[in-house]
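Residue-level structural notes
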Amino acid sequence: MADPRFHGEPRALTVGEIASLTGAVAVDSTTLVRPVTGVATLADAGPGELSFLDNRRYLDAFRVTRAGACLVRPADVPEAPHGTALLTTAEPYFALALALRGFYPEAPVEPARHPTAWIDPSARIDPSARIEAGAVIGPDAEIGARCHIGANVVVAAGVVIGPSSVVRAGASLACCVIGAGCAIHEGARVGSEGFGFATRDGRHLRVAHVGRVMIGDNVEIGANSTVDRGTIGDTVIGTGTVVDNLVQIAHNVVIGRGCVIAGQVGIAGSTRLGDRVVIGGQAGLAGHLTVGDRVVLAARSGVKGDLAPDRVYAGAPAVPIAEWRRQVASVMRAGKQQSDKS
Amino acid sequence: MADPRFHGEPRALTVGEIASLTGAVAVDSTTLVRPVTGVATLADAGPGELSFLDNRRYLDAFRVTRAGACLVRPADVPEAPHGTALLTTAEPYFALALALRGFYPEAPVEPARHPTAWIDPSARIDPSARIEAGAVIGPDAEIGARCHIGANVVVAAGVVIGPSSVVRAGASLACCVIGAGCAIHEGARVGSEGFGFATRDGRHLRVAHVGRVMIGDNVEIGANSTVDRGTIGDTVIGTGTVVDNLVQIAHNVVIGRGCVIAGQVGIAGSTRLGDRVVIGGQAGLAGHLTVGDRVVLAARSGVKGDLAPDRVYAGAPAVPIAEWRRQVASVMRAGKQQSDKS
Amino acid sequence: MADPRFHGEPRALTVGEIASLTGAVAVDSTTLVRPVTGVATLADAGPGELSFLDNRRYLDAFRVTRAGACLVRPADVPEAPHGTALLTTAEPYFALALALRGFYPEAPVEPARHPTAWIDPSARIDPSARIEAGAVIGPDAEIGARCHIGANVVVAAGVVIGPSSVVRAGASLACCVIGAGCAIHEGARVGSEGFGFATRDGRHLRVAHVGRVMIGDNVEIGANSTVDRGTIGDTVIGTGTVVDNLVQIAHNVVIGRGCVIAGQVGIAGSTRLGDRVVIGGQAGLAGHLTVGDRVVLAARSGVKGDLAPDRVYAGAPAVPIAEWRRQVASVMRAGKQQSDKS
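Every value quoted in this text rests on a predicted model; they were computed, and no experiment measured them.

Each partner contributes residues to the interface: chain A has 73 residues there, and chain C has 60 residues. Summed over both partners, the interface of chain A with chain C buries about 5,100 Å², with 58% contributed by carbon and sulfur atoms. Area buried by chain A at its contact with chain C is led by F195(A), V210(A) and I232(A), which between them contribute 15% of it. Taken together, the connections running from chain A to chain C amount to 6 salt bridges. As a salt-bridge pair, D3(C) and R212(A) come within 3.0 Å of each other at their nearest N and O atoms.

Strand order in this open sheet of 10 strands is 8-11-14-17-20-25-28-31-34-37 (chain A), and the pairing throughout is parallel. Because the sheet does not close on itself, it has two edges, and the strands there are strand 8 (118-119) and strand 37 (302-303) of chain A.

Expressed as a screw operation, the relation of chain B to chain A combines 0.0 Å of axial shift with a rotation of 120°, fitting to an RMSD of 0.0 Å. A rotation of that kind, with that shift, is consistent with a three-fold axis.

What follows is about the sheet that holds strand 16 (residues 166-167) of chain B. Residues and elements named next belong to chain B. The strand order across the open sheet built from 12 strands is 7-10-13-16-19-24-27-30-33-36-38-39, with neighbouring strands paired in mixed fashion. Only two strands of the sheet have a single neighbouring strand rather than two, namely strand 7 (112-113) and strand 39 (319-320). Here strand 16 runs beside strand 19 (residues 183-184); their pairing, made up of 2 bridges, is parallel. By the bridge assignment, V166 is partnered in strand 19 with A183.

Here we take up the packing of helix 2 (residues 15-22) of chain A against helix 4 (residues 92-103) of chain A. What describes two packed helices is the angle between their axes and the distance between those same axes. Residues and elements named next belong to chain A. Packing of helix 2 against helix 4 brings their axes to within 9 Å, and their N-to-C directions diverge by 120°. Classified by the angle their axes make, helix 2 and helix 4 are oblique. Once helix 2 is placed against helix 4, the crossing between them reads as right-handed. Touching I18, L21 and T22 of helix 2 are A95, L98, A99, G102 and F103, all from helix 4. Class assignment of the residues belonging to the contact of helix 2 with helix 4 gives a composition of 6 nonpolar, 2 polar and no charged.

Within the fold, T88(B) resides in strand 6 (residues 85-88). Look past the residues within four positions of T88(B) in its chain and what remains in contact with it is A24(B), V25(B), V27(B), V72(B), P74(B) and V77(B).

What follows covers the pattern of salt bridges. Any two side chains of opposite charge can pair if their charged atoms end up close together. Enumeration according to the criterion identifies 45 salt bridges over all chains in this entry. Residue E193(B) is joined to R206(B) by a salt bridge in which the shortest nitrogen-to-oxygen separation is 3.6 Å. One end of the pair, E193(B), is in the loop between strand 20 (189-192) and strand 21 (197-200); the other, R206(B), is in strand 22 (residues 203-206), and 13 residues separate them in sequence. We classify R206(B) as buried; its relative accessible area is 14%. With its nearest N and O atoms 3.2 Å apart, the salt bridge here joins R73(C) to D54(C). With a gap of 19 residues between them, R73(C) in the loop between strand 5 (69-72) and strand 6 (85-88) and D54(C) in the loop between strand 4 (50-52) and helix 3 (59-63) connect regions that are remote in the sequence. Beyond isolated ion pairs, a larger network of salt bridges with shared partners links R168(A), E220(A), E193(B) and R206(B).

Relating one copy of the chain to the other takes a rotation about an axis and a shift parallel to that axis. You can overlay chain A on chain C at an RMSD of 0.0 Å; the transform is a turn of 120° with a shift of 0.0 Å along its axis. Looking at chain A, a mere 12% of its interface residues are interface residues in chain C too, so the copies touch through different faces.

Moving on, we get to the environment of A97(C). With respect to the helices and strands, the residue A97(C) is situated in helix 4 (residues 92-103). By relative accessible area, A97(C) is classed as buried at 0%. Through-space distance from the C-alpha of A97(C) to that of G46(C) is 20 Å; in sequence the pair is 51 residues apart. Each residue touching A97(C), except ones within four places of it in the same chain, is listed here: A198(A), L205(A), R206(A) and V207(A).

The next thing to look at is the interface of chain B and chain A. Every contact between the two is made by 72 residues of chain B and, on the other side, 60 residues of chain A. Among the residues of chain B in contact with chain A, F195(B), V210(B) and I232(B) are the three that bury the most area, contributing 15% of the side total. In this structure, the connection of chain B to chain A is made through 6 salt bridges. Remark: the boundary between chain B and chain A carries 34 residue pairs in polar contact (both at pLDDT 80 or more).

Rules and cut-offs
Residues numbered from 1 in each chain as written. Chains lettered and ligands numbered in written order. Predicted model: local features only at pLDDT ≥ 70, side-chain atom pairs only at ≥ 80, totals over all residues. Heavy atoms only, no water. Contact = heavy atoms within 4.5 Å. Buried area = accessible area lost by both parts, 1.4 Å probe. Salt bridge = Lys/Arg side-chain N within 4 Å of Asp/Glu carboxyl O. Pairing = 2+ DSSP bridges. Helix = DSSP H or I, 4+ residues; strand = E, 2+ residues; numbered from the N terminus. Least-squares fit on C-alpha atoms with pLDDT ≥ 70 in both. Axes fitted to C-alpha atoms, helices over the stretch in contact; angles between N-to-C directions. Parallel < 35°, antiparallel > 145°, perpendicular 65-115°, else oblique. Left-handed = near helix turned anticlockwise from the far one by under 90°. Nonpolar A, V, L, I, M, F, W, Y, C, P; charged D, E, K, R; others polar. Buried < 20%, exposed > 50% of the residue type's maximum accessible area, 1.4 Å probe, protein only. Polar contact = N/O pair within 3.5 Å; in protein donor to acceptor, adjacent residues only side chain to side chain.

Quick look at the structure:
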């Protein structure tokens, strides 16, 4: 629920204003003046609220929603209940994202340096940045304009953070350069020492990690995810890539632009991903592999070899998804057939 | 080992007092006056200590234990060594839990506000609560009676924590309402922004998350686990549900009451679990699913469809466990048969 | 890239000095006087830099490297480009580790107690230790000589840390005794309460955890990993064992010496590992198992039974790797054959 306790009161908009913000088209122009004072799910929304139908699993909820207005695909209009002002768009979820920006415009970062934060005198903090309580900023760190450094965050010596980036509570950054507009979520660890040991006679000699993590613009690193720094090269995450929670990105990994990496994925050392790669949750990639542009990898896949671009893979070891479906069908059949026999 | 350095000295109890506390029955009433000064494993316990046998894998250790007293099922009494006072019960592990409460009664929380904690003047902290060093409590947060907020914890603006809850070192809470008697363990992240993006032309537009996390009473969230807040609705965890370490609970997930979710499980967005669901370690559930009451899901299962209540499932994709066992047997046979041929 | 911003300037060495440090042999003795001013990957290195070829996947990069010097196996010498001084060794990665110690000698820990750290008066901190900003050291904790306690770390009451250990930013330690020369990386949680509940009628009664975590010497615990303390016994990690990021080690687990545990592995309660066990990423081990010395477990394996020593296992349920390969071949064939039919 959009609780004003946490997010403030939404701006009041009309259906017409939402249409303007989102590019959606009102089915009934007489609804354009209808006021809307917030956003809620199909099940929860009341006559004063906007909802949306994107995933058709929620069609039943749509049919009985009490929402005052709803973003919906043209094809689903016939299923709508009476009384809901319909705004049609090819991409209801995208339109919702835009509408939310209208209801909850991002507040500008209020510059501040909390008295309990420790900022090394040699750090260069843009005067427009905000540093919350208990944050620690090391020597020679650079923090750009309008950055927001959360409570108890640690920014180690020399780290560079581009403008308009946010680092949330309890995260820590070391040996890294971070672009503009990034979000490093709670407890994420960027620039930790990679898992590199040279083993002889059962003894593991730590390999010093003198590389960095280089993060582009508009990158997100999810809560409690870890991104190790390179050994002698860099670990790289390209502009526009988004990484979910509890993801492990090992040393020397290079990730392209615009990738989407879901929760609990693990990418072992030195593996390289192209641009716009999408990886489902809990998938794992071995080290030293190459994954082509626009590869889509199903959740829980296990990748042991290079993957050609523009294909969808699944399974462990990962294969083209059609092949994986046949594998699954075969295994499933084995489970059923023996059932018949027994 | 129960080290007084960490847990203080246990109270001294007699076998009879342990019987009273646990409901277990002494096999030999002459042992009731025997003093017991602590608890240890079957292998480590000496004549002054209590141990227990629940998992019969440890029967060999039981046969030679030097423990002064032991909680045990009636059926295992014949295996006992001489000299150990036997306390029989149908549930030795449950009895151990009760005995531990006798040996180590929970100390009342000593009210305090550490001078290095930062507490916003608008926060409402019950005078009986304890706030440790370096904790940061944001504006309008509410912390109930007898709460214990650990060192370097961050409680963001508006967060509500019910009475007798504990938040351990380094955890962070935002946009959430937490019930009574909860434990949020070290480094857990509750209320982080969900992984929601609307993608167009390869660009990922962040969807503002204006929902909350609503947590019932007596809930546990394990160390370094993550619970994202809802997009426009809420992420919900029902009363009495316990969540292990490194678990990912995505935005809009709804979990019922009394569930048990083991380590490294991942639950994708908007999936709904009934009551008393049990999920084994490293299992993964796709988004927008419904899992019925009392479902048991084996470790490492991968769930892609709805699951009917009151059944045990395993495998990826998850199927009823008898079917999965046949699948495994078939795959195992393939590995062996070819071995014979080769 | 080895950026002086983070790691300082490397010492300048000659090829001859690198040979002395690493035991590698110069192919051409006239190169021994050649100066080398740093380390870089085969692709990035210039004429003043050292590189290495260990994994032959990078043979193509080796053939065209501009590196001034390169550590390489004797067998790969014929592939070398002109102009690179070759240093041959049977273990190039091991030699790299030694060379890095020459270029970047470990700086001695400068003793300090940051004014914003909170150190309980009863804690015993060796005067040679360094305590960073925002760290919290509880009553009766003991911190050894030359230890380095990072920013916003929490060391709870009674914890003992041996000499020359490092605890990185945001980690927390409780109820544990840690040896000498250990590294606890960013956000790791050692000594959190185990996931132990006694369940009756759907209610989960927390079992008090009065055990400890005992960690040997030269152990590494990766970023955001979790190690729960024992219930009434101890969780143990043996000397020389290294643990990667986001690993879960449950209560009462006992791990031997010199083990290697890769990222996102989960080990359930009371399982015991021998010495020199190697576990690949994302593998999972059920509870109460015994894994023999020198077992190697492939990435993503799922272990449900005891494993005999000195063997390599893979799959879920894990089997000897040759058997697993046949299983995979069989499943793969099913995917392909049906493809032919369709």
